[in-house]
Amino acid sequence: MTPPPPILHSRSTPIFLLLALLIPAAASIDIASVLSPYPDFSSFTALLSSTPSLTNEIAHRSSITLLAVPNAYFSSSVDVTRRLSPTALADLLRYHILLQFFSWSDLRRVPPAGLLVTTLYQTTGRAPSNFGSVNVTRNPATNAVSIHSPAAYSPSNATVLSLVKTIPYNLTIVSVNSLLVPYGFDLMASETRPPLGLNITKALIDGHNFFVAASMLSASGVVEEFEADEGGAGITLFVPTDAAFADLPGTVSLQSLPAEKKAVVLKFHVLHSYYPLGSLESIVNPVQPTLATEDMGAGRYTLNISRVNGSVAINSGIVQASVTQTVFDQNPVAIFGVSNVLLPKEIFGKNPISMGSKPGKSAEPPRASLSPEKSPDTEAQPSHLSSPPGIREDIKSAAGGGGGGGGLRILLSSLPPSCTVLLYLLV
């Protein structure tokens, strides 16, 4: 057999190219396939398989340790998992995924003082403080390895029973004797909290500065999906103002996007968690997945949330917007007005986009004290309210749909007379 030619190094050969040639790419982890030969974990495997967004996240990780609960220890937790919403269930399972590869010998060498290890739940930003992490400790007398919350008085803990499977150095599966519950995780939330039944479109119309966003949501149909997602962890919407749509540069063409990509852009403005303003200002993990992330894959279509000059700033990767007002805030739904349309770099490229014709406009303080009748936006000439690219098509689609455009008539009938002209300009 002829040996492969040697890899020659020269000053012009980039080091990353050499590494790419020497180190094989890590295969994605199909956790359900790995667990399928072990019938003792069928209940736990079924839960993992029932949350496709979670299995997709796992597949994109290269080094993890999974804490799996055998059927014999899982029966007492079945009722708990059945009453959780899909989002809450996924978060509970994320707490069993350590973002670090531990071989069996690694676990046997854990110092008695313990190690603080991040779980996949911590990366969602929904875990307060560091309660999305776990303490891994070892009793030097018995060599037993225990896993529990870093909270001082957390009642939830588990003991490692045995090694199930190791795939160096990507995946280790160990069995534990109990389902772990993060500290502060409300197992009864989905059972006791009544549905809010919020009409998001009406809430935006009542906010007076969001008629374009309301019409887009109504025309696309995704608003029904948002309202259906109010349960469990709730939702947070970042809604661009009418002025934000009017200030879209000519280089941004929403009109050219197919309907499914327009829906992705709208979902990109929504977090699948309830965050009141105070929580956004002190958010633990600035990189937040959106509803578009759940559809398109982990690590994509994320927003970076931070505090800049006393305001909450939201960065899409190419556009930065600031929160200008609170439109609605009642657990489990928060709706905030933002100064710019959040454009995902996955669709519009990776180069920063200059938004609006007025430098620094996004940093202006909100004019919450102005009434709609006295607002400079409503007194401006109608040409200032012209629709952004693609909006006319969305409105025409709604008007031409089943029922003779009843959804659009309801939208128009809800507007104050001084603002009805806006949607006519959009058609």
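Residues numbered from 1 in each chain as written. Predicted model: local features only at pLDDT ≥ 70, side-chain atom pairs only at ≥ 80, totals over all residues. Heavy atoms only, no water.

Put simply, the rule is: UniProt positions are given in the numbering used here, feature names are shortened, and annotations may be inferred rather than shown by experiment.
The chain is annotated in an unreviewed UniProt entry as FAS1 domain-containing protein from Linum tenue. You can read under Sequence similarities (unreviewed entry) in the UniProt record for the chain the words "Belongs to the fasciclin-like AGP family."

Details of the packing of aromatic side chains
Counted only if it meets this: Aromatic rings from Phe, Tyr and Trp, with only the six-membered ring used for Trp, were paired whenever their centres fell within 6.5 Å, and each pair was classed as stacked if the ring planes differed by under 30 degrees, edge-to-face if by over 60, and tilted otherwise. Secondary structure elements follow DSSP: runs of H or I no shorter than four residues count as helices, runs of E no shorter than two count as strands, and numbering proceeds from the N terminus. Burial classes: relative accessible area under 20% of the type maximum marks a residue as buried, over 50% as exposed, and values in between as partly exposed (1.4 Å probe, protein chains only).
Here the structure, examined in full by the defined rule, presents six aromatic pairs. With 5.0 Å between their ring centres and 75° between their planes, Phe131 and Tyr183 make a pair best called edge-to-face. Residue Phe131 is found in the loop between strand S3 (115-118) and strand S4 (133-138), and its partner Tyr183 is found in the loop between strand S7 (171-176) and helix H9 (189-192); the two are separated by 52 residues along the sequence. For Phe131, a relative accessible area of 19% puts it in the buried group.

Let's talk about the pairing of strand S5 (residues 145-148)
Put simply, the rule is: Criterion used throughout: strands pair if DSSP finds at least two bridges between them.
Here S5 shows a buried face lined by Val145 and Ile147 and an unburied face lined by Ser146 and His148. Direction of pairing for S4 relative to S5: antiparallel, over a ladder of four bridges. What sits directly across from Val136, in S5, is Ile147. The antiparallel pairing of S4 with S5 creates a hairpin that spans six residues between the two strands, and Asn143 there sits at a positive phi of about 65°. Of the pairings in the sheet, the one linking S5 to strand S6 (residues 157-167) comprises three bridges and is antiparallel in character. In the strand pairing of S6, His148 is matched with Asn157.

Here's the deal with the side chain of Ser339
Cut-off, in case you're wondering: Here a polar contact means two N or O atoms within 3.5 Å. Within protein one must be a hydrogen donor candidate and the other an acceptor candidate, and residues neighboring in sequence count only if both atoms are side-chain atoms.
Take Ser339: it is sitting in the loop between strand S14 (333-338) and helix H17 (345-348). Of note is the side chain of Ser339, whose polar atom sits 3.0 Å from the backbone nitrogen of Ser322.

Details of the nonpolar core
Selection criterion: Residue types Ala, Val, Leu, Ile, Met, Phe, Trp, Tyr and Cys, when buried and joined through side-chain atoms within 4.5 Å, form a set referred to as a nonpolar core. When checking whether two residues touch, look at their non-hydrogen atoms; a contact exists if any pair is within 4.5 Å.
Core analysis: the largest hydrophobic core is formed by 60 residues, its most contacted members being Ile200, Phe238, Ile335, Leu343 and Phe348. In contact with Ile335, other than residues within four places in its own chain, are Leu198, Ile200, Ala203, Leu204, Leu237, Val239, Gln325, Thr326, Val327 and Phe328. Counting residues in hydrophobic clusters, the runner-up holds 46 residues, among them Leu84, Val117, Ala127 and Val134.

Comments concerning the confidence of the model for the chain
Note the threshold: Confidence scores here are pLDDT values: one per residue, from the predictor, ranging 0 to 100.
For the chain, the mean per-residue pLDDT works out to 75, and 71% of the residues sit at or above 70. Low pLDDT, under 50, characterises residues 190-194; the stretch is placed with nine contacts to residues that sit more than four places away or in other chains. The model gives residues 357-427 a pLDDT under 50, and that stretch makes 84 contacts with residues more than four places away or in other chains.

Focus: helix H4 (residues 52-59)
Condition: Along the arc lie the directions from the helix axis toward the C-beta atoms.
Those residues of H4 lying buried are Leu54, Glu57 and Ile58. Each buried residue of H4 sits inside an arc of 100° when the element is viewed along its axis, so together they form one side. Turning to H4, the residues buried within the fold contact helix H2 (31-35), helix H3 (42-49), strand S1 (64-68), helix H7 (86-94) and strand S2 (97-98).

Thoughts on the sheet that holds S14
Taken in spatial order, the seven strands make up an open sheet running S9-S8-S14-S13-S12-S11-S10, and their pairing is mixed. Here the strands that pair on one side only, and so sit at the sheet edges, are strand S9 (270-271) and strand S10 (287-289). Of the pairings in the sheet, the one linking strand S13 (residues 320-330) to S14 comprises six bridges and is antiparallel in character. Paired with Asp329 across the strands is Ala334, a residue of S14.

A look at the environment of Ala321
Along the polypeptide, Ala321 turns up in strand S13. A relative accessible area of 1% means that Ala321 is categorised as buried. Residues Ala321 and Val341, spaced 20 residues apart in sequence, show a C-alpha to C-alpha distance of 7.5 Å. With residues near it in sequence (within four places) discarded, Ala321 still touches Val312, Ala313, Ile314, Val338, Ser339, Asn340 and Leu342.

A closer look at the pattern of salt bridges
Threshold: What makes a salt bridge here is a side-chain nitrogen of Lys or Arg within 4 Å of a carboxyl oxygen of Asp or Glu, nothing more.
Scanning the entire structure with this criterion turns up seven salt bridges. Residues Asp91 and Arg94 are paired through a salt bridge, measuring 2.7 Å at the closest nitrogen-oxygen approach. With Asp91 and Arg94 both in helix H7 and three residues apart, this pair spans about one turn of that helix. The same class applies to Asp91 and to Arg94, which are both buried. For Lys267, the salt bridge is made with Asp295, and the minimal N-O distance between the two is 2.7 Å. Residue Lys267 is found in helix H14 (residues 259-267), and its partner Asp295 is found in helix H16 (residues 291-296); the two are separated by 28 residues along the sequence. Shared partners join several salt bridges into a network, and the residues in it are Glu57, Asp91 and Arg94.

Here's the deal with the sheet that holds S5
If you walk across this open sheet you meet the seven strands as S2-S1-S7-S6-S5-S4-S3, and the pairing is mixed. This sheet does not close on itself; its edge strands, each paired only once, are S2 and S3.

So, the side chain of Arg138
Selection rule: Only four residue types enter the charge count, namely Lys and Arg as positive and Asp and Glu as negative; His and the chain termini do not.
Relative to the elements of secondary structure, Arg138 occurs in strand S4. With no salt bridge to any partner, buried Arg138 finds its closest opposite charge in Asp106, at an N-O distance of 11 Å. At 3.3 Å, the side chain of Arg138 and the backbone oxygen of Arg108 are in polar contact. Within the local environment of Arg138, its side chain forms a polar contact with the side chain of Asn143, the two groups lying 3.0 Å apart. Leave out the neighbours within four places in its chain, and Arg138 touches Leu107, Arg108, Arg109, Val110, Pro111, Pro112, Asn143, Ala144 and Val145.

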